[in-house]
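# Descriptive analysis of the structure
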Amino acid sequence: MATFDFQGIATQFVEHYYTTFDTDRSKLVHLYRENSMLTFEGTQQLGAVNVGEKLVNLPFRKVKHQYGAPDAQPTAAGGIIILVTGQLVVDDEQRPLPYSQAFHLCQDPTGQWFVFNDIFKLVLG
């Protein structure tokens, strides 16, 4: 079993990620590294700069994520897998869109957590 509080780290990360996403997506780039990958609705982006550009250029201005407690597990290499399900409201839409998002967090040589893998998918019909 992991010797660190992976569930606590996951919970703090998810809260920080979605608060930042909902207020200023441009600041999310700092959570990624050059070897990070984002798959957003089937489209892949590699590297922090490309991931940041994708997130900043999504076709909406306002967004609000609503989500439950994340599920998390430690990985064999000392990382954390996180699964989040929830709903998001974009711009002035009245109907929330259900989504699922998975994160794989790793630590860099300084011990800083970063997003190595990020997979986002709307759950429609």
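Above this text you will find the structure in question.
What comes next is a walk through the structure. Keep in mind the model is a prediction, meaning the values are calculated, not measured. (Residues numbered from 1 in each chain as written. Predicted model: local features only at pLDDT ≥ 70, side-chain atom pairs only at ≥ 80, totals over all residues. Heavy atoms only, no water.)

## A look at the overall build of the protein chain
- Secondary structure assignment for the protein chain yields two helices and seven strands.
- The order of α-helices and β-strands along the protein chain, N terminus first, is α-β-β-α-β-β-β-β-β.
- What you see for the protein chain is a C-alpha radius of gyration of 14 Å, in line with the 14 Å of a compact globule of 125 residues.
- A principal-axis box enclosing the C-alpha atoms of the protein chain has dimensions of 45 × 30 × 25 Å.
- Taken across its 125 residues, the protein chain has 38% of its residues classed as buried.
- Long-range pairs, those at least 24 residues apart, make up 49% of the contacts in the protein chain between residues at least 6 apart in sequence.
- Surface summary for the protein chain: the accessible area is close to 7,300 Å², and the carbon and sulfur share equals 54%.
- Here the protein chain carries 9 positive and 13 negative side-chain charges, and the mean point of each set is 6 Å from the other. (Helix = DSSP H or I, 4+ residues; strand = E, 2+ residues; numbered from the N terminus. Rg over C-alpha atoms; globule rule 2.2 N^0.38 Å. Buried < 20%, exposed > 50% of the residue type's maximum accessible area, 1.4 Å probe, protein only. Contact = heavy atoms within 4.5 Å. Areas by Shrake-Rupley, 256 points an atom, 1.4 Å probe, with all protein chains shown as cover. Lys, Arg positive; Asp, Glu negative; His and termini not counted. Charge placed at Lys NZ, Arg CZ, Asp CG, Glu CD.)

## Structural notes on helix 2 (residues 48-56)
- Within the span of helix 2, buried status applies to Ala 48, Val 51, Gly 52 and Leu 55. Along helix 2, the residues classed as buried sweep out an arc of 100 degrees about the axis, all on the same side. (Arc of directions from axis to C-beta.)

## With respect to helix 1 (residues 6-23)
- In this model, helix 1 (18 residues) spans 26 Å end to end at C-alpha, consistent with the 26 Å of a helix rising 1.5 Å per residue.
- Among the residues of helix 1, Phe 6, Ala 10, Phe 13, Val 14, Tyr 17, Tyr 18, Thr 20 and Phe 21 are the ones counted as buried. Looking down the long axis of helix 1, one finds its buried residues gathered within 160 degrees of arc, a one-sided arrangement. Facing away from the buried side of helix 1 by more than 90 degrees, the exposed set consists of Gln 12 and Thr 23. (Expected span 1.5 Å × (residues − 1).)

## Comments concerning the packing of aromatic side chains
- The tally for this structure, following the rule as stated, stands at 12 aromatic pairs.
- Ring geometry for Tyr 17 against Phe 103: centres 4.9 Å apart, planes inclined by 65 degrees, an arrangement best described as edge-to-face. Of this pair, Tyr 17 sits in helix 1 while Phe 103 sits in strand 6 (residues 97-107), and the two are 86 residues apart along the sequence. In this pair, the class of Tyr 17 matches that of Phe 103, namely buried.
- A centroid spacing of 4.9 Å and a plane angle of 40 degrees characterise the contact between Tyr 18 and Tyr 67, whose relative ring orientation is tilted. With Tyr 18 in helix 1 and Tyr 67 in strand 3 (residues 63-67), this pair connects stretches of sequence that are 49 residues apart.
- One aromatic cluster is present, built from ring pairs that chain together Phe 13, Tyr 17, Tyr 18, Phe 21, Phe 40, Tyr 67, Tyr 99, Phe 103 and Phe 120. (Phe/Tyr/Trp six-rings, centres within 6.5 Å; stacked < 30°, edge-to-face > 60°.)

## A few points about the pattern of salt bridges
- Taken as a whole and judged by the stated rule, the model has three salt bridges.
- A salt bridge links Asp 24 to Lys 27, with the shortest nitrogen-to-oxygen separation between them at 4.0 Å.
- Here Arg 33 and Asp 108 are joined by a salt bridge, their closest N and O atoms 3.2 Å apart. Here Asp 108 lies in the loop between strand 6 and strand 7 (113-122) and Arg 33 lies in strand 1 (residues 32-40), a separation of 75 residues in the sequence. (Salt bridge = Lys/Arg side-chain N within 4 Å of Asp/Glu carboxyl O.)

Any link to function would need more than the numbers given here.
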